Amino acid sequence: MEFAVLLATPLGGSMLLALWGHRRRAAEINVALSLVTFLAATALTARVIGEGNLLTGRDQFFIDPFNVFLVALTAFVGLTTAIFSRPYMRVEIEHGRLNAHRLRLYHSMYQLFMAMMLVALTSNNLGLLWVAMEAATLSTVLLVTLYRTPASLEAGWKYFILCGVGIAQALFGTILLYFAAEKVLGAEGVRALLWTDLAAVKGELEPTVLSLAFVFLLVGYGTKVGLAPLHNWLPDAHAEGPTPVSAVLSGLLLNVAIYAVVRCKVLVEGSLQSSLPSNMLMGFGLLSVVLAAFFLWRQRDIKRLFAYSSIEHMGIVTFAFGMGGAVANFAALLHMTVHSLTKSAIFFAVGHAAQKAGSQRMEDIRGLLAMNPTIGWGLMLGSLAILGVPPFGVFASEFLILTTAMKQQPWATPILLVALGVAFAAIFGRVQSMVYGEATGRRLPHQPALLPVFAHLALVLLLGLYIPPYLAEWYRAAARMIGGG
Amino acid sequence: MNFTSLDLQLLNTCAALLLLVSFAMLSQRRIVSLVNLLALQGTLLCAATLLLAWRTGQHHLYLSAALTLALKVVGLPWLLHRLIRRLEVYWDTEPLINMPGAMLVGLVTVVFAFGLAQPIAELASTATRNAIGIAVAVILLAFITMITRRKAMSQVVGFLSMENGLFFGAMSATYGMPMVVELGVALDVLVAVLVLGIFFFQIREQFDSLDLHHLESLREDQ
Amino acid sequence: MSGLAWFTQLLEVLAAISLAPLFLGWVNQCRAWLQNRRAPSLLLPYRGIRKLFHKDAVLAEGASPLFRAAPYVVFGAMVAAAAIIPSMGTGLPFTTAADAIALVGLFATARVFMSLAAMDIGTAFGTLGARREMMVGFLAEPALLIVIFVASLLSATTALPLIAERLATQAPALYPSLAFTAVAFTMVLLAENARIPVDNPATHLELTMIHEAMLLEYSARHLALMEWAAALKLFNYACIGFALFVPWGASTGEPDPAALLLSMPVLVGKLAVAGVWLALLETVSAKLRVFRAPEFLATAFMFAVLGLLVHLLLGA
């Protein structure tokens, strides 16, 4: 029941908003739909806590601790982003960057995007997972190009082509997986892509085919995660799309993509009994961290800056999943949570700051604290949180990852530390110059919604100080399920 | 599942012709012909699927063949032709590599693809397992077509050709994916092309051309 | 080796020598019909050769012995080639002496001598023609070799008569690889025999010509031999095509007078069809610029290699 509401609300909502999305109350409807989705997600979470894993919809959907926490997170950030986007989009309309019809497209695609991410997360069928990922890509292509400027079209095209090719690789990987599964699960085929069935027989799957399949799946979904060297689309898409879209791309879509990778890794590792998947994840992760940290220095656009920061953090998460084992997985899951909360909060603050300054170039943004202390503090605290300053949750997860790395992969620790240091210096320097100094901005016609920023940061702080026992229990269960190490 | 040698020969011929069409796409400079080649590729795919459906008696393959016919032989080419007429893009500029060069790269790619498919083909139990290598080759050749073209339209044709290769791969390795997945994939492809159609108009509005040269301004040092 | 085998051998060579100009005449006639022109006589090539033999040879100043020897070498190479191509019977005594690779070698020898002779005088046209001929050759030869390899792989031998025999006697099957190589072979045939779209045999003094440019300095019996050799080359290529792709009808196995008798009208029929086909191809295609010729031959090479790859992968 909760599950049906969870998926039907955004799906139906996207249709409703496709018709209604340009009217006056559309933004409120968007928020209301997101709220219903969030409530359904909460109810579902409660039920999974109470009753354990859930298999529904003719076994096509499967909910376990690993994805239910992502579902809850997705629904939550979806809600806060909807709240944030209400005043943000109004300002954009008054500045003439959007019109009512674009707004309708935005609302409709926003809900569709949410729906597709939720389908991807809860799907038990790896083929359906692929379909939902592709649909999510397509809906975000339209969101990224919402402003119809040359730069946004270019970003959208790059996004489409790169992710299109990437996701085609993932389809080939899925085909190979099905090929291996069909041999074990029988030629009837209908159940041979169900993750639960595959996980039950993962030891019998043909290792050669599975290792090949994993390469394709990792490259395919890895493109969506933004792993170097396939990350090119990510900064452009973040910088040129509307800020709420940047927030959900960074905060949610990357998580969903990494979720897909990890699901596949579990299967492949079970079959291979070798460290190939782990090593590949660690390699790609480390490369992304290092590359992103150094690219941070060259950025002049504030949204590109934080987009590269997302690549860096996805690299860290990928590396942690690559190490595997209970602690590293736990840390990776925690890091996914806190990163997506922090990064979306940062993008909310950045969006308002850029609106005030009338530009996304960092040299044009000055004196945020003097102009609007809440935005200034939001950006400052958010940046500190994302840089891993204690007592925020990012510190806790990064600390766990580093200590595990010291134990399991000592060679990687100095590389990680150097990259984190470089990233710290790059981001902190830039943010400082934006927050302090003399005010230059203009007044905005609508009050910004800053509640989401602080709500997110408060949660991150809370997770840094104290992880509620049921949450920790979830993480542990998910970490056990992912295994490895 | 009893294949006579004639069936296998026909299937192999379809596979070989698919490969040939991919090469033709690699060297074709006229966008209209490129779309026609795409339709031809779809037709071959459809024929192979029908033959396989008839021989293996798997009914969902008939549906898959009908889907291919409706979407890849009729629907998408029609849509693309309309777009070409409306946008008046008939020729691609000289590709990045000249034609003999592209042929050579293509041949090397095919050898690579055959090598890649070798372990899979050895494990496959389908009668069409030899065609897996061809499917991989079609995918890689479509990829090369995409990266050597400058016009958005040709890139899209390359993308769709890649999708054809993937379908053919799924068919020859496992007699097709489960129907849910195939429907979903087909739907996604359709939506992708519709989205691209919208996209083309926007690009043209902004740049007065579909040449991707204009789309090179976003760089790292911005 | 029975007497009949030797007789077949002799018959094939004589038939090649005598029928080659006729085949050329037939192609030209078909082409004229297709292009709505009044066709020249079928026997025109014979008359041209006879006329040239009656003239006195004129040699350019400074022509070396190579220049005079070349026509005989080229003609000899073509006759030798005709001896190992099974046009009527496959039980040829020369089978053991030379295989299909040697055949390609014979064509190459002819090409080398022709090019050397063309450069011997030192005129601009000769050198230009020779250079272009070498360019065409270096692209066409590998394609031809790969075509032959595919047929060899299918029949597990490199001797052309045995290839023809095995392909003719096994159960009929659909070979995509052979279809591809047939296309490649047709393209190589057009290029190697100076036909449209690579060269135009009907014109002289055109900046794009290849074959004719090499013969400009020849006269009388030398020219006659060269032209006869060109006709023989076309005939030989056509017969290679028959042997590889339509081997049915030739007498196979042990020499048998009845089968041999039957194979003669079959050969004539095949040649007639091939002539129409060639004329049709030449009519519907346009002469390519010389710089496009490599593209044409690259396509031929691609077809041949594709055939090979398809064979290796699909086993068909």
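Residues numbered from 1 in each chain as written. Chains lettered and ligands numbered in written order. Predicted model: local features only at pLDDT ≥ 70, side-chain atom pairs only at ≥ 80, totals over all residues.

Visitor: Would you explain the overall build of chain A in this entry?
Guide: Tallying secondary structure elements over chain A gives 19 helices and two strands in all. Relative to its length of 485 residues, chain A is compact, with a C-alpha radius of gyration of 21 Å against a globular reference of 23 Å. Looking at chain A as a whole, 64% of its 485 residues are labelled buried. When contacts within chain A are restricted to residue pairs at least 6 apart in sequence, those whose partners lie at least 24 apart make up 82%. (Helix = DSSP H or I, 4+ residues; strand = E, 2+ residues; numbered from the N terminus. Rg over C-alpha atoms; globule rule 2.2 N^0.38 Å. Buried ≥ 20, exposed ≤ 12 C-beta atoms within 10 Å, placed from the backbone. Contact = placed C-beta atoms within 7 Å.)

Visitor: Looking at this model, I keep getting lost on the overall build of chain B. Mind explaining?
Guide: Helix and strand content of chain B: seven helices and zero strands. Sequence-ordered secondary structure for chain B, helices as α and strands as β, is α-α-α-α-α-α-α. Burial analysis of chain B (222 residues in total) assigns 54% to the buried set. When contacts within chain B are restricted to residue pairs at least 6 apart in sequence, those whose partners lie at least 24 apart make up 74%.

Visitor: Help me out: how do you make sense of the interface of chain C and chain B in this one?
Guide: How big an interface is tends to be stated in terms of accessible area lost as the parts join. Contacts between the two partners involve 16 residues from chain C, matched on the other side by 20 residues from chain B. Contributions of two or more residues to the side of chain C that touches chain B are made by helix H7 (176-192) and helix H11 (293-314) of chain C. Here the residues of the side of chain C that touches chain B are counted per class, giving 14 nonpolar, one polar and one charged. (Nonpolar A, V, L, I, M, F, W, Y, C, P; charged D, E, K, R; others polar.)

Visitor: What am I meant to see in the interface of chain B and chain A here?
Guide: Counting residues at the interface gives 35 residues for chain B, matched by 41 residues for chain A. Contributing elements (two or more residues each) for the side of chain B that touches chain A: helix H4 (99-123), helix H5 (131-148), helix H6 (152-174) and helix H7 (179-207) of chain B.

Visitor: How do you make sense of helix H10 (residues 243-272) of chain A when you look at a structure like this?
Guide: Note: α-helices contain 3.6 residues per turn, so residues at a spacing of three or four share the same orientation. Residues and elements named next belong to chain A. With 30 residues, H10 should cover 44 Å at 1.5 Å per step; its first-to-last C-alpha distance of 42 Å lies within 8% of that length. For H10, the principal kink sits at Leu-249 and spans about 40°. Within H10, 29 of the 30 residues are buried, which leaves it mostly tucked inside the rest of the structure. Gln-273 sits one or two residues past H10 and shows a positive phi near 55°. (Expected span 1.5 Å × (residues − 1). Bend = angle between axes of the 7 residues up to and from the residue.)

Visitor: What am I meant to see in the arrangement of the chains here?
Guide: Among two pairs of chains with at least one contact, chains A and B form the most extensive contact set. A gap remains between chain A and chain C, which never touch, and the nearest two C-alpha atoms on either side lie 19 Å apart.

Visitor: Just to check I follow, could you spell out unusual backbone geometry for this structure?
Guide: Leave glycine aside and you will find that most residues have negative phi; peptide bonds, for their part, are mostly trans. Residue and element names in this part refer to chain A. Cis geometry marks the peptide bond from Ala-228 to Pro-229, where omega comes out at 0°. For Pro-229, the position within the fold is in the loop between helix H8 (207-225) and helix H9 (233-240). Note that the residue after Pro-390, namely Pro-391, is joined by a cis bond; omega there is 10°. Within the secondary structure layout, Pro-391 lies in the loop between helix H15 (373-386) and helix H16 (393-408).

Visitor: Even after reading the chapter, I still don't get the packing of H10 of chain A against helix H13 (residues 326-357) of chain A, so can you show me in this structure?
Guide: Angle between the axes and distance between the axes: these two values describe a pair of packed helices. All names here are of chain A. At a minimum axis separation of 7 Å, H10 and H13 run at an interaxial angle of 165°. In terms of orientation, H10 and H13 fall into the roughly antiparallel class. The two elements H10 and H13 meet at a crossing, and its hand is right-handed. Where H10 abuts H13, its residues Thr-243, Ser-246, Ala-247, Ser-250, Gly-251, Leu-252, Asn-255 and Ile-258 lie against Met-336, Ser-340, Lys-343, Ser-344, Phe-347, Phe-348, Val-350 and Gly-351. Of the residues belonging to the contact of H10 with H13, the class tally is seven nonpolar, eight polar and one charged. (Axes fitted to C-alpha atoms, helices over the stretch in contact; angles between N-to-C directions. Parallel < 35°, antiparallel > 145°, perpendicular 65-115°, else oblique. Left-handed = near helix turned anticlockwise from the far one by under 90°.)

Visitor: It is not clear to me how the environment of Val-147 of chain C should be interpreted in this structure. Could you clarify?
Guide: Residues and elements named next belong to chain C. Its place among the elements puts Val-147 in helix H5 (residues 124-155). For the pair formed by Val-147 and Lys-233, sequence separation is 86 residues and the distance between their alpha carbons is 17 Å. If we skip the residues at most four places from it in the chain, Val-147 touches Thr-181, Ala-184, Phe-185 and Ala-304.

Visitor: Teacher, can you tell me more about the environment of Leu-271 of chain C here?
Guide: All names here are of chain C. With respect to the helices, strands and loops of the structure, Leu-271 is situated in helix H10 (residues 257-284). Taking the number of C-beta atoms within 10 Å as the measure of exposure, Leu-271 has 20 and is therefore buried. On a C-alpha basis, the gap between Leu-271 and Leu-312 in space is 32 Å, while along the polypeptide they are 41 residues apart. Apart from residues lying up to four places away in sequence, Leu-271 is in contact with Phe-23 and Ala-238.

Visitor: Please explain helix H6 (residues 160-169) of chain C as it appears in this structure.
Guide: All names here are of chain C. The buried fraction of H6 amounts to eight of the ten residues, a majority that puts the element mostly inside the structure. Every buried residue of H6 is accounted for by Leu-160, Pro-161, Leu-162, Ile-163, Ala-164, Glu-165, Leu-167 and Ala-168. Of the surrounding elements, those touching the buried residues of H6 are helix H4 (100-120), H5 and helix H9 (220-245).

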